[in-house]
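# Commentary on secondary and tertiary structure
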Amino acid sequence: MTQNLSAAEQLLRDAAREYHRTPTRGKIEVRATKPLSNQRDLSLAYSPGVAYPCLDIEADPLKAFDYTSRGNLVAVVSNGTAVLGLGNIGPLASKPVMEGKGCLFKKFAGVDVFDIELAETDPDKLVEIIAALEPTLGGINLEDIKAPECFYIEQKLSARMNIPVFHDDQHGTAIISSAALLNGLELVGKDIGAVKVAVSGAGAAAIACVEVMIGLGIKREHVFMVDSKGVIYEGRPGGLDASKQRYAVKTEARTLADVVNGADVFLGCSAPGVLTAEMVKTMADKPIILALANPEPEIRPELAKSVRPDCIIATGRSDYPNQVNNVLCFPYIFRGALDCGATKITEAMKLACVREIADLAKAETSAEVSAAYPGKELVFGPDYLIPTPFDSRLILKIAPAVAKAAQESGVATRPIKDFAAYREELTRFIYQTGMFMQPVFNTAKLAPQRVVYADGEDERVLRAVQFVADEQLAAPILIGRPDAIEAGIKKAGLRIKLGQNVQCVNPDTDPRVAQYAAQYQGGGEADVRASRSLLAALMVKAGDADAMLCGLDGNYDGHLAHVQNVIGLKDGAQEFAALNAVLLPEQTLFITDTYVNDTPDAEQLARIALAAAEEVQRFGVPPKVAFLSHSNRGSSSRPSARKMAEAHQHFRKMAPQIESEGELHGDAALSEKIRANAGMAESALTGSANVLVCPNLDAANILFNVLKTSSGQGTTIGPILLGAAAPVHVLTPSSTVRRVINMTALAAAKAQDSENKRGA
């Protein structure tokens, strides 16, 4: 077992290194936002045209937010002295973490980031260096700077700079854990001003958590903090630094066990396993445990509940309910602060964020969140204290609340006048949510389904299946010759084992092939053995697999023919269609029909659009459908334009609840401003469409491949086969390992839906 764990760790390390190395080194880049295609562009971007905005900014510094990227630019700054669980590894080694933080800012809230790693440990020098960057930036996110220096640096910078300064290690954890505390206390019916709080840890995160909790009503004298030397009490030998001195209390307690005894709340920002089951037994009635050490909490939830079934517990882990995850707040706090031109992050802004997160957990679950987390009870209660990271409403709730609190605090230099319009504008970021596939992965893991791979000998499949087996996304079945598969596993250095965590069907010898052939009307046993996609389809039809993937070798139409002959259409479907997603830097677009129907008529297009919209909901985002044409709403009388207009009318009758528009130009589909300029201000479509319906196969396939290559960095999902009676997807020879993994999760999640419907 130890050897397997070691091999798994090595595989993870190798994969992580490759992820950071290829296809482009690192995780972030800088791109121009304006064209530079001719001499005029050059004269506007640089000399002489650039002089005019420069002079305007000199006269009015606020013009910098109109003419430059400053209003959407945050620096993630670290000196590498307290990096994750790695400790003081230095600024250069911290750079991958800071780039990763930049990715989260961009993906979740559209905020641009410069990561800045500084080779400096003197707090005063750090303050001078960072403060000097103010003309460049709209905000500062301090990251992974050790305590107590981080407190001093943030305090000095906040007082000196006229842009928001936020130390996420402190305040992000504080905001999310405080939201969990508020809701936990509401569930157990305890008064926040009366509860006793035992705190394990006295670093940046712990102290920031306590400060926010005090702002919410916790009494300072009810907080008992423990560091590595024991309880922080008045008169403790050796003295205390200023950050800890505020929490020195008069008490005879000297150990964590002493202060936990009778406590209503345990807050842990310390080390794995420090809270024992015996300690939990001594806590007050219905205790709340916030065990936030990562990756291993102060106590595991199952252990805490085994001795105190009445406890409510949150951790920093994603594999337990109530994950305290900083991504729930920091992108949206900065979004709101930047948009109103806040000069500081005030306590009122942080508390506004706490309350919005707490309230969202109690709100009715949206259809998109339910679709993203099927099988989970996302209803306010002991196992749902705080929202999921993929709740698309987070940005719509937090950013406006933060901006409003900034204005009420008097720190907003560009107050937002119309909050309804601002919330509508924020909807564009819903489609930029990071980790787009994660909700589908979460669903697949709930009850892993049997997925059969027709191309079982392909190295891409083998590498994907290693991940699938490790993550328990599915129960993989490989079609292929065992010796060829074993050779491929060995060559790739993988750990999967046939007959253990992966099953194998040998088309040359498996006795079931004869049984499948006897039930198949389209050919004999030799045909079934010769065609692995046919064999996979027959396995699904016979109930020996729940889902299938094929198509890494050969012709798409040939594989689809086997699916059509064996699996057929689901009830109510009249045609197959293919849907592809391309993950662009600014949004994710779904394009249909990319592979199946040459020239669908208007009614077909409407049906395909509805099937696509239903599929998009699986990703946790509301579909917005656009029927594309060379014309805008009646500007052309050509047959193709009329067809798209008719298709939209059919779709509106079929799905009036889904936002849609057509016929319209591609740019109008993605821009509300362009639609307004084209006389469509009253359109039923708001913001940007995310489901693009093309008039024919050529248009859809060309659009998809151009976007994939020019803007999507090759990150795609699909082809997703719509209309099939079982979860079946026909891939293409250009598919990558990553795409095979994504499609496995999608097929497994859909198979789970089918199983649930059968059970119901």
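Residues numbered from 1 in each chain as written. Predicted model: local features only at pLDDT ≥ 70, side-chain atom pairs only at ≥ 80, totals over all residues. Heavy atoms only, no water.

Under an unreviewed UniProt entry, the name given to the protein chain is NADP-dependent malic enzyme, and the organism recorded is Herbaspirillum robiniae.

## A few points about the pairing of strand S16 (residues 588-592)
In terms of burial, S16 is largely enclosed, as 5 of its 5 residues are buried. Going residue by residue along S16, you find Thr588, Phe590 and Thr592 tucked away on one face and Leu589 and Ile591 tucked away on the opposite face as well. Relative to S16, strand S15 (residues 577-583) runs antiparallel, the two sharing 5 bridges. For Ala581, the partnering residue across the bridge sits in S16 and is Phe590. If you look at the hairpin formed by S15 and S16, you'll find 4 residues sitting between the two strands. (Buried < 20%, exposed > 50% of the residue type's maximum accessible area, 1.4 Å probe, protein only. Helix = DSSP H or I, 4+ residues; strand = E, 2+ residues; numbered from the N terminus. Pairing = 2+ DSSP bridges.)

## Re the sheet that holds strand S1 (residues 73-78)
With respect to topology, 4 strands assemble into an open sheet ordered S2-S1-S3-S4, the strand pairing being parallel. Every interior strand has two partners, whereas the edge strands, strand S2 (112-117) and strand S4 (165-167), have only one. Averaged over all adjacent pairs, the angle separating strand axes in this sheet is 20 degrees, with direction ignored. Strand direction decides the pairing type here: strand S3 (residues 139-142) and S4, joined by 3 bridges, are parallel. Residue pairing for S4: Ile140 is matched across the bridge by Val165. Its contacts with the sheet place helix H8 (residues 168-188) against S3 and S4, and it is angled at close to 75 degrees to S4. Across the sheet, helix H14 (residues 330-339) touches S1, S3 and S4, and the angle it forms with S3 is around 160 degrees. (Axes fitted to C-alpha atoms, helices over the stretch in contact; angles between N-to-C directions. Contact = heavy atoms within 4.5 Å.)

## Observations regarding the state of the cysteines
Note: disulfide means a covalent bond formed between the sulfur atoms of two cysteine side chains. Applying the stated rule across the entire model yields 0 disulfides. Free cysteine: Cys504, not disulfide-bonded; nearest cysteine sulfur from Cys550 at 17 Å. Taking the relative accessible area as the measure of exposure, Cys504 reaches 25% and is therefore partly exposed. (Disulfide = S-S within 2.5 Å.)

## Description of unusual backbone geometry
Trans is the common state for peptide bonds, and a negative phi is the common state for residues other than glycine. A cis geometry characterises the amide bond from Ala147 onward to Pro148, with omega recorded as 5 degrees. As for its placement among the helices and strands, Pro148 is situated in the loop between S3 and helix H7 (149-160). Across the junction of Thr592 and Asp593, the peptide omega takes the value -5 degrees, indicating a cis bond. Phi is positive for Asn322, close to 60 degrees, though the residue is something other than glycine. Mapped onto the elements of the fold, Asn322 is located in the loop between strand S10 (312-315) and H14. Residue class for Asn322 comes out buried when judged on its relative accessible area of 5%.

## Re H14
The element H14 is extensively covered by neighbouring structure, given that 9 of its 10 residues are classed as buried. Residues Phe330, Pro331, Tyr332, Ile333, Phe334, Arg335, Gly336, Ala337 and Leu338 constitute the buried set of H14. Positive backbone phi, at 65 degrees, marks Gly341, one or two positions downstream of H14.

## Some points on a nonpolar patch on the surface
Together, Leu36, Leu42 and Tyr46 line one region of the surface with nonpolar side chains, adding up to about 360 Å² of accessible area. Residue position: Leu42 is located in helix H2 (residues 39-45). The partly exposed category is assigned to Leu42, whose relative accessible area is 43%. (Patch = residues over 30% accessible without salt bridge, like charges linked within 9 Å, V, L, I, M, F, W, Y side chains within 5 Å. Areas by Shrake-Rupley, 256 points an atom, 1.4 Å probe, with all protein chains shown as cover. Salt bridge = Lys/Arg side-chain N within 4 Å of Asp/Glu carboxyl O.)

## Overview of the UniProt feature "binding site: a divalent metal cation" (unreviewed entry) in the protein chain
Within this structure's numbering, the places UniProt gives as "binding site: a divalent metal cation" (unreviewed entry) are Glu143, Asp144, Asp169 and Asn294. Among the secondary structure elements, Asp144 is positioned in the loop between S3 and H7. Once residues within four sequence positions are removed from consideration, Asp144 is found in contact with Ser78, Asn79, Gly80, Thr81, Ala82, Val83, Leu84, Val97, Met98, His167 and Asp169. Note that Asp169 resides in helix H8. (UniProt positions renumbered as here; feature names shortened; annotations may be inferred.)

## Concerning the UniProt feature "binding site: NADP(+)" (unreviewed entry) in the protein chain
Cross-referencing UniProt, the feature "binding site: NADP(+)" (unreviewed entry) maps to Val83, Leu84, Gly85, Leu86, Gly87, Asn88, Ile89 and Gly90 in the present numbering. Looking at where Leu86 falls in the secondary structure, it is placed in the loop between S1 and helix H5 (91-109). Using a relative accessible area of 57% as the deciding quantity, one classes Leu86 as exposed. What makes Asn88 exposed here is its relative accessible area of 55%.

## Quick notes on the side chain of Asn322
Only 3.3 Å separates the side chain of Asn322 from the backbone nitrogen of Tyr384, close enough to count as a polar contact. In this view, Asn322 contacts Ile313, Ala314, Thr315, Pro382, Asp383, Tyr384, Leu385 and Ile386; residues no more than four positions away in its chain are not counted. (Polar contact = N/O pair within 3.5 Å; in protein donor to acceptor, adjacent residues only side chain to side chain.)

## Looking at the environment of Asp227
Within the secondary structure, Asp227 is located in strand S6 (residues 223-227). Looking at Asp227, the relative accessible area reads 13%, which means it is buried. Residues Asp227 and Ser270 lie 43 residues apart in sequence; the distance between their C-alpha atoms is 8.3 Å. Residues in contact with Asp227, not counting those within four places in the same chain, are Ala202, Ile232, Arg236 and Lys244. In this structure the side chain of Asp227 is engaged in a polar contact, spanning 2.8 Å, whose partner is the side chain of Arg236.

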